[in-house]
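Structural features, examined
Each chain is listed here by its residues.
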Amino acid sequence: MARTRILAALVTVGLLSVGAAAWQPSQGAIDGATIEQVKGNLYVIKGNTPVDRSVFSGGNVGVFVMDRGVAVVDTKLPGWGPTLLERIREVTNKPVVTIINTHTHGDHVGSNDGFPDSVNIVAHANTKANMERMENFQGDGAAFLPDQVYEDRLTLGSGADQMDLYYFGVGHTSGDTFIVYPALGVMQTGDMFPWRDAPFLDVNNGGSGVALPETLGRAVDTIDGVDTVVPGHIPVTTWESLQEFQRFTADLLAAVRQAKQNGQTADQAVVGVDLSSRYPEYNSTRVEAAIRVIYDELP
Ligand SMILES: [Zn+2]
C-alpha cells in the first residue's frame, strides 16, 4: 500500500512538473526562485516583487529544516510547487511536514496544492477565513486550506526546531503571522514588511493603513533577540530595517491624517505627501494607492 502511494506521488510530481513547464517555461530562470541559506537550518527560496508580472514568482519562502522534516513558510504563486520541491531537495532529503501561510494572498498560498495532502498547514484563524473565500480553495482545493489555526500565539517544535507564530493585529490583511525562529534570532514577516515602499493595504481582506503602524509597533516592542529579518518580497535584511519600515508607515499615516485635517482632498494629499527626503532609499511606486486607502479610512 505504502509503495503504491509513493509511486502515485512520484507520478503526480512528474505530471505537475510537465504541466507547470508547459505554461511557465521560464520560471526556472527567474531570479526569484533560487535557495539561499539565511542562518543555520533556515533557508529562503527568494521571492521578488510584482512590479514586472512576467517574471513574478511570489513572495519569499522560508525553508526550515527540522529534525522530523521541513517546514515551509508560504508557497508562492500557483504552479510553483514542483520548483519549490526541487529547491528544497538542494538542501535536504527530508519530507515537507508543515506549511505556514503568513496571510491569504495568492503569491503566498498559491502552491499549497504542490505538497502532499498529509502536510499540516498552519495559519491565523482570520487567514483561514479569508482563504476560504478564494477561488483556489473551493471544491477539491479546500483540502489545502489550513488544518491548524491559532489566535494570538502558537509555538511549534522546540530547541533548534522551535518556531513561534505571533499575531499582533490588523495590518496588511486581518490575519498576518510573524514567525520567529528563536534559536537563530531570525524573524519572517510576510507582507507586514514586504518591501521598502508604501505598504499594500488590502481592505477587502480586513487590512488597515490606520492600524498597520501600531500593529508593527507591537511586533517591534514584543519580539526580543532577533537581528535578521526575512521580509515578504525583498532580500533578507536587518531588524533595523523592520524598525525603519514601522516608522515609515507611522509617518505616512501622520502625513495623510494632517492633510485631511487641513481640509485637503485625497488628490491634494497624493500630491502633497512626500516622504522621499526622510526615506531616500524607499521607492514611491505604491505611495499613491496607500494614501488613498488611508484617506478613505480616516474619519
Ligand atoms: Zn500580501
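Fair warning: this is a prediction, and the values are worked out from it, not measured in the lab.

Across the sheet, which stays open at both edges, the 7 strands sit in the order β1-β2-β3-β4-β5-β6-β7 with mixed pairing between neighbours. On the outer flanks of this sheet lie β1 (35-39) and β7 (148-150), each paired with one strand and no other. Each strand axis lies, on average, 25° off the axis of its neighbour in the sheet, ignoring direction. Its contacts with the sheet place helix α2 (residues 81-89) against β1, β2 (42-45), β3 (61-66), β4 (69-73) and β5 (96-100), and it is angled at close to 145° to β2.

Right, let's talk about the pattern of salt bridges for a bit. The tally for this structure, following the rule as stated, stands at 9 salt bridges. A salt bridge links arginine 87 to glutamate 90; its shortest N-O distance comes to 3.8 Å. Looking at glutamate 90, the relative accessible area reads 52%, which means it is exposed. The salt bridge partner of arginine 218 is glutamate 214, with a shortest N-O separation of 3.9 Å. One end of the pair is arginine 218 and the other is glutamate 214, both in helix α5 (residues 212-222) and 4 residues apart, which spans about a single turn.

Here we take up the coordination of the zinc ion. Listed as protein donors to the zinc ion are His103 (NE2), His105 (ND1), His172 (NE2) and Asp191 (OD); their distances from the metal cover 2.2 Å. Its 4 donor atoms give the zinc ion angles of 85 to 171° at the centre, a pattern that matches the irregular case. All donors to the zinc ion come from one chain, and their sequence spacing reads H-x1-H-x66-H-x18-D. Highlighted residues: histidine 172 in the loop between β9 (163-166) and β10 (178-181) and aspartate 191 in the loop between β11 (186-190) and α5, separated in sequence by 19 residues. Residues histidine 172 and aspartate 191 agree in their burial class; the two are buried.

Next up on the list: helix α8 (residues 287-297). In an α-helix, one full turn covers 3.6 residues, which means residues spaced three or four apart are oriented alike. Within α8, burial applies to Val287, Ala290, Ile291, Val293, Ile294 and Tyr295. In this fold, the buried residues of α8 make contact with α6 (239-261) and α7 (266-272).

In space, the 6 strands of this open sheet follow the order β8-β9-β10-β11-β12-β13, with mixed pairing throughout. Lying at the two open borders of the sheet, with one neighbouring strand each, are β8 (153-156) and β13 (237-238). Bridging between β11 and strand β12 (residues 228-231) involves 4 bridges; their strand directions are parallel. Residue pairing for β12: methionine 187 is matched across the bridge by valine 229.

Attention now goes to unusual backbone geometry. Leave glycine aside and you will find that most residues have negative phi; peptide bonds, for their part, are mostly trans. Positive phi outside glycine occurs at aspartate 74, with the angle close to 75°. Within the secondary structure layout, aspartate 74 lies in the loop between β4 and α2. Positive phi is not limited to glycine here, since lysine 76 has a value of about 55°. Checked against the element boundaries, lysine 76 lands in the loop between β4 and α2.

About the cut-offs
- Residues numbered from 1 in each chain as written.
- Predicted model: local features only at pLDDT ≥ 70, side-chain atom pairs only at ≥ 80, totals over all residues.
- Heavy atoms only, no water.
- Pairing = 2+ DSSP bridges.
- Helix = DSSP H or I, 4+ residues; strand = E, 2+ residues; numbered from the N terminus.
- Axes fitted to C-alpha atoms, helices over the stretch in contact; angles between N-to-C directions.
- Contact = heavy atoms within 4.5 Å.
- Salt bridge = Lys/Arg side-chain N within 4 Å of Asp/Glu carboxyl O.
- Buried < 20%, exposed > 50% of the residue type's maximum accessible area, 1.4 Å probe, protein only.
- Donors = N, O, S within 2.8 Å, 3.2 Å for Na, K, Ca; no water.
- Tetrahedral: all angles 85-135°; square planar, octahedral: opposite > 155°, others 65-115°.

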